[in-house]
Amino acid sequence: MKLRKADEMEQYQNEKSTKYGFIFYTIALLAWSLYDFVIKGEAGWQLTILLIGCAVYFWSRVVYNRKMNS
């Protein structure tokens, strides 16, 4: 199996898919966490997963930005 570099169209599609996937899971986990907070009085693991996911996302943006600017 030979791997090849993605062309510009594939990169564009991957970026769009990643963006919409990130937005979906962020909204879904936030809604689930808020629902549990209102019903049970605790945020649960959903909020922890959401915060870790956002931290990984923003940290990777910082790292890649620094790589591109150095």
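Bear in mind the structure is a predicted one, so any value in this text is a computation, not a measurement.

Scoring rules and cut-offs
Residues numbered from 1 in each chain as written. Predicted model: local features only at pLDDT ≥ 70, side-chain atom pairs only at ≥ 80, totals over all residues. Heavy atoms only, no water. Helix = DSSP H or I, 4+ residues; strand = E, 2+ residues; numbered from the N terminus. Rg over C-alpha atoms; globule rule 2.2 N^0.38 Å. Areas by Shrake-Rupley, 256 points an atom, 1.4 Å probe, with all protein chains shown as cover. Lys, Arg positive; Asp, Glu negative; His and termini not counted. Charge placed at Lys NZ, Arg CZ, Asp CG, Glu CD. Phe/Tyr/Trp six-rings, centres within 6.5 Å; stacked < 30°, edge-to-face > 60°. Buried < 20%, exposed > 50% of the residue type's maximum accessible area, 1.4 Å probe, protein only. Expected span 1.5 Å × (residues − 1). Contact = heavy atoms within 4.5 Å. Salt bridge = Lys/Arg side-chain N within 4 Å of Asp/Glu carboxyl O.

Novice: Kindly report on the overall build of the chain, identifying the contributing residues and their values.
Specialist: Summing up its helical and strand segments, the chain has 2 helices and 0 strands in all. Taken over the C-alpha trace, the chain has a radius of gyration of 17 Å; the compact-globule value for 70 residues is 11 Å, which it surpasses by more than 25%. Referenced to the eigenvectors of the C-alpha coordinate spread, the extents of the chain come out at roughly 50 × 30 × 20 Å. Summed over its atoms, the accessible surface of the chain is roughly 6,600 Å², and 66% of this surface lies on carbon and sulfur atoms. Separation of charge centres in the chain, based on 9 positive and 6 negative side chains, amounts to 7 Å.

Novice: Explain the packing of aromatic side chains to me, and be specific about the residues and the numbers.
Specialist: Summed over all chains, the structure comprises 3 aromatic pairs. Measuring from ring centre to ring centre gives 5.5 Å for Phe-22 and Tyr-25, while their planes differ by 80°; the resulting arrangement is edge-to-face. One end of the pair, Phe-22, and the other, Tyr-25, are both in helix 1 (residues 8–40), 3 residues apart, so they sit about a helical turn from each other. Aromatic side chains Tyr-57 and Phe-58 sit 4.9 Å apart centroid to centroid with 70° between the ring planes, which places their arrangement in the edge-to-face category. Note on Tyr-57: relative accessible area 28%, which makes it partly exposed. Members of the aromatic cluster, joined through ring pairs, are Phe-22, Tyr-25, Tyr-57 and Phe-58.

Novice: Describe helix 1, and please don't skip the residues or the numbers.
Specialist: When the terminal C-alpha atoms of helix 1 are compared, their 47 Å separation across 33 residues agrees well with the 48 Å that a helix rising 1.5 Å per residue should span. Close packing links the buried residues of helix 1 with helix 2 (45–69). Directly beyond the C-terminal end of helix 1, a positive phi value near 85° is found at Gly-41.

Novice: Account for the environment of Gln-46, with residues named and values stated.
Specialist: Position of Gln-46 relative to the elements: it lies in helix 2. Those residues in contact with Gln-46 that sit more than four places away from it in its chain are Leu-29, Trp-32, Ser-33 and Asp-36.

Novice: Can you tell me about the side chain of Asp-36, naming the residues and giving the values?
Specialist: Residue placement: Asp-36 occurs in helix 1. Buried within the structure, Asp-36 lacks any salt-bridge partner; its nearest side chain of opposite charge belongs to Lys-40, at an N-O separation of 4.2 Å.

Novice: Could you give an account of helix 2, with specific residues and numbers?
Specialist: The end-to-end C-alpha distance of helix 2, which contains 25 residues, comes to 36 Å, matching closely the 36 Å that a straight helix rising 1.5 Å per residue would cover. Within helix 2, the full set of buried residues consists of Gln-46, Leu-50, Gly-53 and Cys-54. At its buried positions, helix 2 is contacted by helix 1.

Coordinates in, geometry out; function isn't part of it.
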